[in-house]
Amino acid sequence: MKKIYNIILILTLSIFYVACTHNNGDIGHYFGTWKLDRMTINGADDVDYQNNVLWKFQSGVMCMVRVDDENHIKTEGWGTWEEDGNILRISYIHHDDNNTEGSSKYSPLPETHIPRGVTELEILKQNSSKMELKYMNNDGQVILYYFDKW
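All residue numbers refer to position in the chain's written sequence, counted from 1. Only residues with pLDDT of at least 70 are given local features in this predicted model, and only at 80 or more are side-chain atom pairs given and counted; all residues enter the totals for whole chains, interfaces and linings. Heavy atoms from the whole structure form the basis of all side-chain values; hydrogens and water molecules are not counted.

Engineer: Explanation requested: the packing of aromatic side chains in the structure shown.
Structural biologist: How two aromatic rings sit relative to each other is set out by the distance from centre to centre and by the angle between their planes. Think of it this way: a Phe, Tyr or Trp ring, Trp meaning its six-membered ring, pairs with another when their centres are within 6.5 Å, and the plane angle makes it stacked under 30 degrees, edge-to-face over 60, tilted otherwise. Evaluated as defined, the whole model comprises 5 aromatic pairs. Arranged with centres 4.6 Å apart and planes meeting at 40°, the rings of Tyr 30 and Trp 81 form a pair that is tilted. Remark: Trp 81 occurs in strand 5 (residues 73–84) and Tyr 30 occurs in the loop between helix 1 (2–21) and strand 1 (32–41); sequence separation between them is 51 residues. Using a relative accessible area of 2% as the deciding quantity, one classes Tyr 30 as buried. Over the aromatic face of Tyr 146 sits the side chain of Arg 38, whose NZ or CZ is 4.1 Å from the ring centroid. The way it works is that DSSP assigns letters per residue, a run of H or I at least four long becomes a helix, a run of E at least two long becomes a strand, and they are numbered from the N terminus. The rule is simple: take the accessible area with a 1.4 Å probe, protein chains only, and divide by the maximum for that residue type; under 20% is buried, over 50% is exposed, in between is partly exposed. Ring-over charges, as used throughout, are those where CZ of Arg or NZ of Lys falls within 6 Å of the ring centre and within 35 degrees of the ring normal.

Pasting the structure below:
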């Protein structure tokens, strides 16, 4: 009897542990960390991109993270996201008591070429391991983002 009780307890705790990582439910393929493998601008590789940016999704919150292994520095930009059909809408319009709207904490990373504010990215491909997004900036440049799930 004690063995059955222990098994039930372990299963119950496992369920609660998994539920906690999916704050406010399952968000599908987005959940977790995506590595920005490469970017193209008007069809040409963005040679300035250093292959060191991650996008993290949980619930309606996202975080862009730049990792500088050489200096052991991590830079984050926090925003929110929502999917609307084949559009991924990301919003960098937030603030807190110590950081105003538009501060680096609530801005997309500059190397992504995404402006502050609300930006719509077209979802070209998305499955459990790959994602491709398209953004056309105000200058008419077409930027493609290629992600691998981490």
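Don't stop here, the text continues.
Engineer: Help me understand the confidence of the model for the protein, please; the structure alone is not making it clear to me.
Structural biologist: Close inspection of predicted coordinates is inappropriate in any region flagged by low pLDDT. Confidence in the prediction of the protein, expressed as mean pLDDT, is 86, and 82% of residues score 70 or more. Contacts for the low-pLDDT stretch residues 11–24, under 50 throughout, to residues beyond four places or in other chains number 8 contacts. On a range of 0 to 100, pLDDT expresses the predictor's confidence in each residue. Any two residues whose heavy atoms approach within 4.5 Å are treated as being in contact.

Engineer: Is there a simple way to explain the pairing of strand 8 (residues 130–136) in this structure?
Structural biologist: On any regular strand, side chains alternate: one points to one face of the sheet, the next to the other face. The alternating pattern of strand 8 places Met 131, Leu 133 and Tyr 135 on a buried face, while none of Lys 130, Glu 132, Lys 134 and Met 136, on the opposite face, is buried. We treat two strands as partners when DSSP finds at least two bridges between them. With 4 bridges joining them, strand 7 (residues 117–126) and strand 8 adopt antiparallel strand pairing. Paired with Ile 123 across the two strands is Leu 133, which belongs to strand 8. What sits between strand 7 and strand 8 in their antiparallel hairpin is a turn of 3 residues.

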